[in-house]
Amino acid sequence: MKKLSTLLLLGAMGLSHAQILFSDDLSFYTASQTLSSQGTWTNNSSTFGGGACAGILCTNTTVTAGALSYTNYLSAPTTNIAAIKPNQDAVGTPLTTPLLMPSAGNTIYYSFLVNASIVPTGTPGDVIRGLSGGSFNTAFRVQLKNATGGFTIGGSKNGGTAAFSSTVYPLNTTHLIVVKYTVNSGSTTDDVLQFFVNPSAASEPTAADATISAGADFGATLNMDRFLLRTNTAGVPTMSVAAFKVAQKYSDLFVSGTLATEASTVNSKSISINENPVNDILKLNIDKNFDAKNSTIAIVDASGRVLKSEKLSENINVKSLKAGIYFVQINGANNKSALRFIKK
C-alpha cells in the first residue's frame, strides 16, 4: 500500500451540475502586491473598478497570504486573501458569466468568506456591492455594523434603509456570507435582498438572517455582471475577504462530494503528476498495472465544477484553463480519486 498525501477522495455525488457564474479564491495571485491588475480585478472605474483612492490615508487593497476555510464551501483553505482596510482603492472584477435578470433567471447568489478584526463605530460603509452593467449601478450593498461583542451583517438594495441581522458575530472568526437577490416584476420597489450567515451546505435555510424588501430597486431589469470591493471610505471594516463565488443556485456555491483531508491509502496501481505547476499539458505518471483503458478523468475547479472529461492518458491538454488551482479526478474501475495541480 502507498500513501499519497495530496490525494483527495471524492464522494459519489455528481459534479457536473454546478453552474458557477464566477469563482475566484485569489490562490494564484502574487502576495504583497495590489489586487488591482491581478486576474481580472481593476480599480479603473471606467471598466469594472470603483476608482483609486486619494489623500494621505489612501492605501491599496493588497493580496496577502492567508488561510480562510468553511466546511463544504472550498475543497481546501485559501492560500491568499484580500486585505481590506478603510480608505483603499475600490477594486472590482467582471463576472465570468453575467446574468440578465429576470429574462435569464429571477435569482442570483453572491458568496464570500470574511474575517474581520475591526468594525468601526458610526455609519457603516458599503464594503461589497453587486453591480448591474456599470461601476456605479448598485443593485445591492453589503455592510458590517459595529455591535457589542462583534458586528452584525446586512445592507440595502439600490435605495432605502439598511437592515441587519439580529445575531452578533464575533471578530477574528471566519464567516461565510451568502447574499441572495431576487427580482420581482411587479414594481421597481419589490425586489428582495437576503443575507445568510454561516449557513449549512446541505440546503438553503428557510429563514434569512436579514431580509430587505423596502427601498428602490436599481431597475426593472438587471445585468448582474460585476463584483466590487468598495473600500474607499472610512466606514468599512478591517478584514480579510476571499473565496468569491456567484451562482444561480444555492447548492452550486458549495463543493459537491465529500473530501478527505488526511492522507489516503491506495494500492500500488497509482497515478501521480509528473510536473506541478502545469503549463499547457498535464503530464501523468501511470503505473503499468493500472487499468488505464477502462478509466476516465475529469478536470474539476475549486468550486466543484467539471470543466472537461476524457479518457485517461499520460498527457492531458489544459491550455484553455485559466491560472489557478484544479483537481484531476481519476475514475477507475475500483476507485475514484483526485490529484491537485496548479495551472500557470
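Worth saying up front: this structure is predicted, and the values here are computed from it rather than measured.

Asker: I'm lost on the overall build of the chain in this one. Help?
Answerer: In terms of helices and strands, the chain carries zero helices and 25 strands. When the 344 residues of the chain are sorted by exposure, 50% land in the buried category. The contacts of the chain with a sequence gap of at least 6 include a subset with a gap of at least 24, amounting to 69%. Total accessible area computed for the chain in this model is approximately 14,800 Å², and 49% of it derives from carbon and sulfur atoms.

Asker: What is the right way to read the layout of surface pockets from this model?
Answerer: Over the atoms rolls a probe the size of a water molecule, and in doing so it shows where empty space is left. Considered as a void within the structure, the largest pocket measures approximately 670 Å³ in volume. Taken together, 32 residues make up the lining of the largest pocket; nearest its centre are S23, D24, K322, A323 and Y326. Within the residue set of the lining of the largest pocket, elements represented by two or more residues are β3 (20-24), β7 (91-101), β17 (238-247), β22 (306-311) and β24 (324-331). It is β3 that contributes the most residues to the lining of the largest pocket, five residues altogether. Class assignment of the residues belonging to the lining of the largest pocket gives a composition of 17 nonpolar, eight polar and seven charged.

Asker: Can you help me understand the side chain of Q88 in this one?
Answerer: As for its placement among the helices and strands, Q88 is situated in the loop between β6 (80-84) and β7. A distance of 3.1 Å separates a polar side-chain atom of Q88 from the backbone oxygen of A83.

Asker: Could you clarify how one ought to interpret the pattern of salt bridges in this entry?
Answerer: Where side chains of opposite charge bring their charged atoms close, a pairing between them can arise. Using the criterion set out here, one finds six salt bridges in the structure. For the salt bridge of R141 with D126, the shortest nitrogen-to-oxygen distance reads 2.9 Å. In this pair, R141 sits in strand β10 (residues 138-147) while D126 sits in the loop between β8 (107-118) and β9 (128-132), placing the two residues 15 residues apart along the sequence. For the salt bridge of K308 with E310, the shortest nitrogen-to-oxygen distance reads 3.3 Å. Taking relative accessible area as the criterion, E310 reaches 27% and is therefore assigned partly exposed. One salt-bridge network, in which partners are shared between bridges, spans D126, R129 and R141.

Reading the values: the criteria
- Residues numbered from 1 in each chain as written.
- Predicted model: local features only at pLDDT ≥ 70, side-chain atom pairs only at ≥ 80, totals over all residues.
- Heavy atoms only, no water.
- Helix = DSSP H or I, 4+ residues; strand = E, 2+ residues; numbered from the N terminus.
- Buried < 20%, exposed > 50% of the residue type's maximum accessible area, 1.4 Å probe, protein only.
- Contact = heavy atoms within 4.5 Å.
- Areas by Shrake-Rupley, 256 points an atom, 1.4 Å probe, with all protein chains shown as cover.
- 1 Å grid on protein atoms, 1.4 Å probe; cavity = no way out; pocket = protein on both sides within 12 Å on 5 of 7 lines; lining within 4 Å.
- Points joined across faces, edges and corners; volume = space filled by probe spheres on them.
- Nonpolar A, V, L, I, M, F, W, Y, C, P; charged D, E, K, R; others polar.
- Polar contact = N/O pair within 3.5 Å; in protein donor to acceptor, adjacent residues only side chain to side chain.
- Salt bridge = Lys/Arg side-chain N within 4 Å of Asp/Glu carboxyl O.

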